[in-house]
Amino acid sequence: MEKYVCTVCDWIYDPAVGDPDNGIAPGTPFAELPDDWTCPECGVGKDMFEPIE
């Protein structure tokens, strides 16, 4: 699964890890994150993330 990076703070969303502190289970692809999910580091929305090449 593809990793995504926050374009504001460079935090990386790794689907293998998820975001357990915010209720996102490991194995959750970025596309399946809730629309209201925000970066745990800086608080921006999903639209500020881009896939890591």
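In what follows, the structure referred to is the one given above.
Residues numbered from 1 in each chain as written. Predicted model: local features only at pLDDT ≥ 70, side-chain atom pairs only at ≥ 80, totals over all residues. Heavy atoms only, no water.

**Some details on the pattern of salt bridges**
Counted according to the given criterion, the structure contains 1 salt bridge. The partner of K3 in a salt bridge is D14, with the nearest N and O atoms 3.7 Å apart. In this pair, K3 is assigned in the segment before strand 1 (4–6) and D14 in the loop between strand 2 (12–13) and strand 3 (49–51), connecting sequence segments 11 residues apart. (Salt bridge = Lys/Arg side-chain N within 4 Å of Asp/Glu carboxyl O. Helix = DSSP H or I, 4+ residues; strand = E, 2+ residues; numbered from the N terminus.)

**Regarding the packing of aromatic side chains**
One pass over the structure, following the stated rule, counts 9 aromatic pairs. Ring centres 6.1 Å apart and planes at 40° place the aromatic pair W11 and W37 in the tilted group. Taken as a pair, W11 in the loop between strand 1 and strand 2 and W37 in the loop between strand 2 and strand 3 lie far apart in primary sequence, 26 residues in all. Given a relative accessible area of 5%, W37 falls into the buried group. Note on F30 and F49: the rings are 5.5 Å apart at their centroids and 40° apart in plane angle, and the pair reads as tilted. Within this pair, whereas F30 is found in the loop between strand 2 and strand 3, its partner F49 is found in strand 3, the two being separated by 19 residues in sequence. Like F30, the residue F49 is buried in the burial classification. (Phe/Tyr/Trp six-rings, centres within 6.5 Å; stacked < 30°, edge-to-face > 60°. Buried < 20%, exposed > 50% of the residue type's maximum accessible area, 1.4 Å probe, protein only.)

Everything listed is a geometric property; what it means functionally is a separate question.
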